[in-house]
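Summary of structural features
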Amino acid sequence: MKKLTSIFLIVATVVFSTGSFLLYPKIAKALTITALYDDMSVENTSAYSAHVIKFRSPSGVTATGNTIVITFPSDFDLTGAVFGDVSIKEGPSTGIENTTSVTTAAGASAWGAAFSGTQNRILTLTAPTGGVYYIAAGDWATITIANNSHTKNPTTAGIKNVTIATTSGVSDSGSFNVPIINSSTVTLDATVAPTLTFTNDNTALHFGTLSAAAATYANATTGSASDSANANTFTISTNAVGGYVLSYGVASTLTLVNGSATIAPAAFTNSTNGTPGLAGGQFAMSAVYSGSIGNVATAYQHATGNGNWKFVTTGDTVITSTSPANAETVGMRYLANISNVTPSGAYAQTNTWIASAAF
Amino acid sequence: MKKFTSILLIIATVVFSTGSFLFSPKVATAATMSTAVDIMNNETINLYSTHTIKFRTPSAIHTAGNTIAIAFPSDFDFTSIGITTADIQMKDGPSTGVEYIETFLASPDATNWGAVFTDGACAAGKKCTLTLTAPTDGIGTHDVVANDFITITYTSTHAKNPSTAGSKTISLTTTADSGSVNVPIVSSSTVTLDATVAPTLTFSNDNTTLHFGTLSTSAPQYANSTVGTGSDSVGNTFTISTNAVTGYTLAYTSSAPLTVVNGSATIPAASFATNIGTAGTAQFAMSADYNGTITNLVAGYRHSVPGWTFATGTTTILTNSSPANAETVGMHYLANISNVTPAGVYAQSNTWTVTANF
């Protein structure tokens, strides 16, 4: 008996020392899917939205025939969704390290993707048959359903619960909420006041003594024989979307003070000095512009050739800018020629300049 | 952590279930007028200027009671402005905004817009705000529908600019929409230019010494720069230019006609209307070719007529009342002698003067 007892003890000792599995067999247990979320592109009611569903599978999807099933709640409408709308990526860290192909039914190296149920609300993904591209236990999976006008949000606002389940050796499951709201957009309004500023750095210009032999140019002092500097400069800024117009009004040409003799308004192109000595004389102006040359009326483009010059007594538009302007400058040049018979005396002329914006 | 998540979900549920107003408040938004512009004809402080205010209305203005208000900011001054066309006008239309002309009354009726000036943001009496009220039929001359253009003009008569420079905002408000335009009021929008044309007078003579040569009793002799000639020709030419507004005068001064040197015998001054005078009669005279208006020449000296004259003292032969550019006066000199004209050497001197009238 003692010997029998010893044998039993030995056996018991061996049994207990060799491992507990004989007495506590390991039982497959379903786990909860963690770190689960759905990144939607639009959460408005009745709008179409992409879904990027990412989760960590405790047990993985590790064998042929294993599935991942995503079930959208009532009122989602995935009518028309097909396998081509779905993509699967997985990996141990970011969940997007590896990309697998997706077909209608699982293939050797492709996951199968099938929509079913009312309005296609159930997406079943089936692991490849070739023993590859599984999702290892603890890895991340990223399932994207593209917004191809097949993934319509519910018509009612509220928290919507989407479930997900995997079948492997064990079945894991989880769910996540997405907020569906009447409008996920926020509108803001603000007012930018219209602005138009217009300055002129010189209001009194002088030609000095004119010559029948050469052109004379006005400046702030006593005139110049050289077309080398702007006589005055306008600076214009506006936030008007239609830009602005710079013009001068009806005005007499250079006219003899206390007399009627005039120096004739003139227009000529590609010339620095017009025609000195010309009968009747010449009075004209030209614009040096900081913006696009096309905004300057052709007849006033100083930058064209040797310069285009013009003056008319009826008034004229010199600059037409069709977009907002930030401190654009218009440098004005004034030219006068006289003939041998241009009556002597003091001449004067005044232009009224107008800047107007189209808001 | 689980408890926190639950609380968050509850809050989220409450928030989203309470209504959409939190995310999409329904705001009645007035549209903004587009292409609004005010074109003035003078942007200088304290001066009177026209205004041409034009805008495109996003909404129709065709219901009785609809209004258009134009509010100038403080410092504009429309004190004496009235609702007559002498001061304001309203035009509208789908393309240019000036296709149709509306008419005003103080209060709207079936065909006229109502027009009222109030002080608005300005000091009392400045009438800075104009409110136009649609006719009772809503239409008037033209049915202003959405996107039509409206043009409202002010004459300058009673529209005075602010006394301070700066960017001024004019607000435009209709029953449904709003907008604004900006105008730059500047210390001076004018640029004055002055110039001087100096007085000029040039006078030249191509020949100062002329010779008749030997005179003849049978035919006239004409002076030239060599030995005289029997042909009627120019002895010397004056060239005159001046920019004097009232032109110039050409005159000569002489104390005597051709006179014998060291003696007193003369070939008398004469006046005749042929180019040869009278052969055999002692005569001294001169005549002028002129490239200007013939009537500027004194009649007795018009060679083209012809006319020949000589006189002692100071005599004007040409008067031009306007500026002259290189006008030329070609002088002819003629002498005839008689059989009894004393032999000898004769001489004569004229002093020519040009005077400009600046």
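Residues numbered from 1 in each chain as written. Chains lettered and ligands numbered in written order. Predicted model: local features only at pLDDT ≥ 70, side-chain atom pairs only at ≥ 80, totals over all residues.

**Things to note about the overall build of chain A**
When helices and strands are tallied, chain A shows one helix and 22 strands. Within chain A, residue pairs in contact and separated by at least 24 positions form 70% of the contacts whose partners lie at least 6 positions apart. (Helix = DSSP H or I, 4+ residues; strand = E, 2+ residues; numbered from the N terminus. Contact = placed C-beta atoms within 7 Å.)

**So, the overall build of chain B**
When helices and strands are tallied, chain B shows one helix and 25 strands. Put simply, of all contacts in chain B between residues at least 6 apart along the chain, 70% involve residues at least 24 apart.

**Notes on the sheet that holds strand β2 (residues 51–56) of chain A**
Residues and elements named next belong to chain A. Spatially, the ten strands line up as an open sheet ordered β1-β2-β8-β4-β5-β6-β7-β3-β9-β10, and their pairing is mixed. Two strands close off the open sheet at either side, each with one partner strand: β1 (34–40) and β10 (171–180). Pairwise comparison of adjacent strand axes, ignoring direction, gives a mean angle of 20° for this sheet. The pairing of strand β3 (residues 67–71) with strand β9 (residues 158–167) spans five bridges and is classified as antiparallel. Bridge pairing in β9 places Thr71 opposite Thr163. (Pairing = 2+ DSSP bridges. Axes fitted to C-alpha atoms, helices over the stretch in contact; angles between N-to-C directions.)

**A word on the interface of chain A and chain B**
Listed as interface residues are 58 residues of chain A and, on the opposing side, 47 residues of chain B. At the level of secondary structure, the elements contributing two or more residues to the side of chain A that touches chain B comprise β9, β10, β11 (196–200), β12 (204–209), β21 (325–337) and β22 (345–357) of chain A. The element contributing the most residues to the side of chain A that touches chain B is β22 of chain A, with 13 residues. The residue inventory of the side of chain A that touches chain B, partitioned by class, reads 30 nonpolar, 28 polar and no charged. Alignment of β12 of chain A against strand β12 (residues 190–197) of chain B, held across five bridges, turns out to be parallel. Within the sheet, the bridge partner assigned to His206 of chain A lies in β12 of chain B and is Asp194 of chain B. (Nonpolar A, V, L, I, M, F, W, Y, C, P; charged D, E, K, R; others polar.)

**Observations regarding the nonpolar core**
Counting residues in each nonpolar core, the largest one holds 87 residues, and the members touching the most others are Tyr244, Leu246, Tyr334 and Ala336 of chain A. Residues within four places of Leu246 of chain A in sequence aside, it is in contact with Phe234, Ile236, Val318, Ile319, Val330, Trp353 and Ala355 of chain A. With 36 residues, the next largest nonpolar core counts Leu258, Tyr290, Leu318 and Ala335 of chain B among its residues. (Core = buried A, V, L, I, M, F, W, Y, C linked by C-beta atoms within 7 Å. Buried ≥ 20, exposed ≤ 12 C-beta atoms within 10 Å, placed from the backbone.)

**Points about the pairing of strand β8 (residues 140–145) of chain A**
Residue and element names in this part refer to chain A. Of all six residues making up β8, five are buried, and the element is well covered by its neighbours. For strand β4 (residues 86–91) and β8, the ladder comprises six bridges, and the chain directions are antiparallel. Counterpart to Glu90 in the pairing with β8 is Ala141.

**With respect to the sheet that holds strand β10 (residues 166–174) of chain B**
Residues and elements named next belong to chain B. Across the sheet, which stays open at both edges, the six strands sit in the order β6-β7-β8-β3-β10-β11 with mixed pairing between neighbours. Looking at the sheet topology across the chains shown, the edges are occupied by β6 (104–105) and β11 (178–185). Pairing between β10 and β11: eight bridges, direction antiparallel. If you follow Gly166 over to β11, its bridge partner there is Ile185.

**Focus: the environment of Asn270 of chain A**
Residue and element names in this part refer to chain A. Residue position: Asn270 is located in the loop between β17 (267–268) and β18 (282–289). Note on Asn270: 10 C-beta atoms within 10 Å, which makes it exposed. Placed 29 residues apart in sequence, Asn270 and Ala299 show a C-alpha to C-alpha distance of 9.8 Å.

**Details of the confidence of the model for chain B**
Residues and elements named next belong to chain B. Summing up the model confidence of chain B, the mean pLDDT is 90 and the portion of residues at 70 or higher is 92%. Confidence drops under pLDDT 50 across residues 1–28; counting only partners more than four residues distant or on other chains, this segment forms 24 contacts. Under the prediction, the complex receives an ipTM of 0.73, its pTM being 0.66. (pLDDT = per-residue confidence, 0-100.)

**Quick word on the pairing of strand β3 (residues 67–71) of chain B**
Residues and elements named next belong to chain B. Every second residue of β3 is oriented toward a common face, the buried set being Ile68 and Ile70 and the non-buried set Thr67, Ala69 and Ala71. In the sheet, β3 pairs with strand β8 (residues 129–133) via five bridges, with the strands oriented antiparallel. Of the residues in β8, the one forming a bridge with Ile70 is Leu130. Taken together, the four bridges between β3 and β10 define a ladder with antiparallel strand orientation. Directly across from Ile68, in β10, lies its bridge partner Thr174.

**Let's talk about the environment of Ala264 of chain A**
Residues and elements named next belong to chain A. As for its position among the elements, Ala264 is in the loop between β16 (255–256) and β17. A count of 18 C-beta atoms within 10 Å places Ala264 in the partly exposed class. For the pair formed by Ala264 and Gln282, sequence separation is 18 residues and the distance between their alpha carbons is 5.0 Å. Other than its neighbours up to four places away in sequence, Ala264 contacts Thr253, Gly280, Gly281, Gln282 and Phe283.

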